[in-house]
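Read off the chains here:
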Amino acid sequence: MRGVTIVGASLAGVSVAEGLREHGYQGPVRLVGAERHLPYDRPPLSKALLRADEPEDPPLLRPRSWYDDNEVELLLGRRATALEADRSAVVLDDGERLAWDHLVIATGSRARRLPGLDGPSVHHLRDLDDARRLRGVLAEPGRLVVLGAGFIGLEAAAAAAERGWTVTVLEREPAPLVRVLGPQAGALCVRTHLARGIDLRFGAAVAETCPAGVRLEDGSVVPADAVLVGAGAVPNTDWLSGGGVEVDDGVVCDAHGRTSRPGVWAAGDAARWRNELTGRHRRVEQWTSARDQAALAARAIATGDAGGAGWAGPPYFWSDLFEHKVQFCGHAEPDSTVWTAHDGRRSLALFGRGEQLEAVLTVDAPRLLGLGRRKLAERTGWAEAVAWAKEAMQ
Amino acid sequence: MKITVDLGRCQGYANCVAAAPDVFDVDDATGKAVLLAAEGDAAEIREAARSCPVAAIGMEE
Ligand SMILES: Cc1cc2nc3c(=O)[nH]c(=O)nc-3n(C[C@H](O)[C@H](O)[C@H](O)COP(=O)(O)OP(=O)(O)OC[C@H]3O[C@@H](n4cnc5c(N)ncnc54)[C@H](O)[C@@H]3O)c2cc1C
Ligand code: SF4
């Protein structure tokens, strides 16, 4: 028995290993990861870890002993460089070839690099090494320019402002958080950024780094001691080229994690699953989705049964911005109908399409998010959802 | 069944509310989880415990 080889030792990969053992899988389980660190949790990298008073290490996903206790073989600091699906094997960077009965692709995503933006003052924020480097730079106050008003950029902007930095956020789109929330609702999330003096500029097209900071396409220069590029993420699927699985903005999967190739599965940021609740077939870069997908794939592999309900939970995401908790559940589109309310403390936004509720956003209202998530799962109609929201925000 | 929430760890992510809405709630004022019931659907509660990003939920069956 060749067992299960999992490539990518982070949230999705570790969750697959855990799910396999929980479902009684007895064969060998191998977890191959390019990073040399024991698998850790990524969300704190742009939150707690950037603060001066927090420990420099993010929480481990599992203690070292867990891997031994569960007979999960860890191959850390090793990168898969090629898939040979016809031979049921993956090749590692040192030339070793691992054969498998099942392969799980869990290689996640990496920070998008922008042309013209490089040099020693330019940072990205994806892994522990990136976060430690940025944390070190933040120790001495200065001027930070964040490119991109997405969640990671806004979290880092908040952390830097709390550490005394002067922060400018430059965003090409006309509003913050457009990619996830569409054009209308992001404003609810950046109230505190504005109140704390962070300079948020929209419609700002950045051309390149220059000695003084960054130069915009209109020629103007924004001075900076450090630049953080928060321009989204791209899936780590390059190593699969020619390997025999279909890749199209992530490894294409059904609602159970099966790829185009029998015996090959994928989960997490690197995968594009079909969601049975929303009907969408999109890649999501969210903690909960990575975990849910991994659990489903593991169960299917261990039990040999990919029947039953597939991935049907509404995608869910949270973010911490200053002392505020932002939570979002579902799928919004640029042209969704949006209903928003703010009561001085809490914010709630609903997103709808036709007669259907399709997403819920809350700021500092976790209870409403929990209830809203339930409404999504129950496929609540738009009118009923708005009536609920109005009452809830009174 | 014994369900516990370590409020020192809890960060109010409400993953538990989504997983087991009859058992967990989150207080909007404190931002911490609240137990609504001493027991409930074991599979849902196990899912809540597993989906908590800070592993604040304990369960003994
Ligand atoms: C700074 C930051 C903050 C975030 N905050 C939130 C948040 O608040 N809420 C939320 O819901 N989500 C958040 N996310 C997203 C969440 O962390 C991801 O969705 C999750 O980590 C995805 O897990 P994954 O295992 O699929 O991929 P990843 O965590 O990206 O892990 C993939 C692993 O595979 C390894 N790898 C890549 N290629 C190879 C190869 N060829 N061979 C071997 N190993 C390889 C990588 O080194 C990496 O360790 C955040 C992400 C980041 C970066
Ligand atoms: S999921 Fe965990 S952190 Fe979140 S509210 Fe529940 S117990 Fe607290």
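Chain B is annotated in an unreviewed UniProt entry as Ferredoxin of Thermomonospora echinospora. In its Cofactor (unreviewed entry) section, the UniProt entry covering chain B states "[3Fe-4S] cluster".

Chain A has the name Reductase C-terminal in an unreviewed UniProt entry, where Thermomonospora echinospora is given as its organism. In the Cofactor (unreviewed entry) part of its UniProt record, chain A is described as follows: "FAD".

Engineer: How should the sheet that holds strand 7 (residues 102–105) of chain A be read in this particular structure?
Structural biologist: Strands belonging to one sheet form pairs held by backbone hydrogen bonds; the direction of such a pair is parallel or antiparallel. Residues and elements named next belong to chain A. Read across the open sheet, the 5 strands follow the order 3-2-1-7-19; overall the sheet is parallel. Two strands close off the open sheet at either side, each with one partner strand: strand 3 (72–76) and strand 19 (264–266). Adjacent strand axes in the sheet meet at a mean angle of 20 degrees, parallel and antiparallel pairs treated alike. Across 4 bridges, strand 1 (residues 4–7) lies against strand 2 (residues 29–33) in parallel orientation. Residue pairing for strand 2: Val7 is matched across the bridge by Val32. In the packing of helix 7 (residues 287–303) onto the sheet, the strands contacted are strand 1, strand 7 and strand 19, and the crossing angle to strand 19 comes to about 160 degrees.

Engineer: Can you walk me through helix 9 (residues 382–392) of chain A in this structure?
Structural biologist: Count 3.6 residues to each turn of an α-helix, and residues three or four apart come out pointing the same way. All names here are of chain A. Those residues of helix 9 that sit buried are Trp382, Ala385, Val386, Trp388 and Ala389. Seen along its axis, helix 9 keeps its buried residues to an arc of 160 degrees; they face one direction. For helix 9, the exposed residues lying more than 90 degrees away from the buried face are Ala383, Glu384 and Glu391. Against strand 23 (337–342), strand 24 (347–353), strand 25 (356–363) and helix 8 (366–377) lie the buried residues of helix 9.

Engineer: Explain the packing of aromatic side chains to me, please; I cannot follow it from the model alone.
Structural biologist: Aromatic ring pairs are described here by two measures, namely the spacing of the ring centres and the angle between the planes. Residues and elements named next belong to chain A. Considering all chains together, one arrives at 6 aromatic pairs over all chains under this definition. The interplanar angle of 40 degrees and the centroid separation of 4.7 Å between the aromatic rings of Phe151 and Phe317 together place this pair among those described as tilted. Of this pair, Phe151 sits in helix 4 (residues 151–162) while Phe317 is found in strand 21 (residues 316–321), placing the two residues 166 residues apart along the sequence. In this pair, the class of Phe151 matches that of Phe317, namely buried. An aromatic cluster is present here, built from Trp287, Tyr316 and Trp318 joined pairwise through their rings. The positively charged end of Arg62 is found above the aromatic ring belonging to Trp66, 5.8 Å away from the centroid. Positioned over the ring face of Phe322 is Arg196, at 4.6 Å from the centre of the ring.

Engineer: Looking at this structure, how should I read the site of ligand 1?
Structural biologist: All names here are of chain A. Near ligand 1 you find 34 residues, and of these Ser10, Glu35, Arg42, Lys47 and Arg126 are the closest. Between a nitrogen atom of ligand 1 and a main-chain N or O atom of Ala34, the distance comes to 3.1 Å. Separating an oxygen atom of ligand 1 from a backbone N or O atom of Trp287 is a distance of 3.0 Å. When the free accessible area of ligand 1 is taken as 1000 Å², the share hidden by the protein chains comes to 96%.

Engineer: So what exactly am I meant to see when it comes to the nonpolar core here?
Structural biologist: When a protein is soluble and globular, its nonpolar side chains tend to lie buried together. If you look at the biggest cluster of nonpolar residues, it comprises 90 residues, and the most contacted ones within it are Ile6, Leu20, Leu83, Ile105 and Leu350 of chain A together with Phe24 of chain B. Looking at this core element by element, the count peaks at 8 residues for helix 7 of chain A. Here this core spans two domains, since at least three of its residues come from each of domain 1 (4–110 + 234–303) and domain 3 (323–392) of chain A. Formed by 43 residues, the second largest nonpolar core is a distinct cluster that contains Ala149, Ala185, Ala226 and Phe322 of chain A.

Engineer: Where do I start with the pattern of salt bridges in this structure?
Structural biologist: Pairs can form between side chains of opposite charge whenever their charged atoms are close. Residues and elements named next belong to chain A. Tallying each qualifying case throughout the model produces 40 salt bridges over all chains. In this structure, the salt-bridge partner of Arg258 is Asp254, at a minimum N-O distance of 2.8 Å. Here Arg258 falls in the partly exposed class, since its relative accessible area comes to 36%. You can call Asp254 buried: its relative accessible area is 19%. Taken together, the shared-partner salt bridges connect Arg280, Arg282, Glu333, Asp335, Arg353 and Glu358 into one network.

Engineer: Looking at this model, I keep getting lost on the domain arrangement of chain A. Mind explaining?
Structural biologist: By a frequent convention, interface size equals the accessible area lost on bringing the separate parts together. All names here are of chain A. Segmentation of chain A into domains returns domain 1 (4–110 + 234–303), domain 2 (113–229) and domain 3 (323–392). A separation of 31 Å is found between the C-alpha centroids of domain 1 and domain 3. When the two sides are added together, the surface that domain 1 and domain 3 hide from each other amounts to roughly 640 Å², 43% of it contributed by carbon and sulfur. Contact with domain 3 buries area across many residues of domain 1, yet Leu277, Arg280 and Arg282 alone supply 70% of it, more than any other trio.

Engineer: What should I look at first to understand the sheet that holds strand 9 (residues 122–123) of chain A in this one?
Structural biologist: Residues and elements named next belong to chain A. Taken in spatial order, the 5 strands of this open sheet run 9-16-10-11-12, and their pairing is parallel. Edge positions in the sheet fall to strand 9 and strand 12 (199–202), since each of these pairs with one other strand and no more. Judged from the 4 bridges that link them, strand 10 (residues 143–147) and strand 16 (residues 226–229) form a sheet pairing that is parallel. Pairing of Val145 across the sheet is with Val227, part of strand 16. Against the sheet, helix 4 touches strand 10, strand 11 (166–171), strand 12 and strand 16, its axis set at about 165 degrees to strand 11.

Criteria and thresholds
Residues numbered from 1 in each chain as written. Chains lettered and ligands numbered in written order. Predicted model: local features only at pLDDT ≥ 70, side-chain atom pairs only at ≥ 80, totals over all residues. Heavy atoms only, no water. UniProt positions renumbered as here; feature names shortened; annotations may be inferred. Pairing = 2+ DSSP bridges. Helix = DSSP H or I, 4+ residues; strand = E, 2+ residues; numbered from the N terminus. Axes fitted to C-alpha atoms, helices over the stretch in contact; angles between N-to-C directions. Contact = heavy atoms within 4.5 Å. Buried < 20%, exposed > 50% of the residue type's maximum accessible area, 1.4 Å probe, protein only. Arc of directions from axis to C-beta. Phe/Tyr/Trp six-rings, centres within 6.5 Å; stacked < 30°, edge-to-face > 60°. Lys NZ or Arg CZ within 6 Å of the ring centre and 35° of its normal. Near = heavy atom within 4 Å. Polar contact = N/O pair within 3.5 Å; in protein donor to acceptor, adjacent residues only side chain to side chain. Areas by Shrake-Rupley, 256 points an atom, 1.4 Å probe, with all protein chains shown as cover. Core = buried A, V, L, I, M, F, W, Y, C linked by side-chain atoms within 4.5 Å. Domains from an automatic or database assignment. Salt bridge = Lys/Arg side-chain N within 4 Å of Asp/Glu carboxyl O. Buried area = accessible area lost by both parts, 1.4 Å probe.

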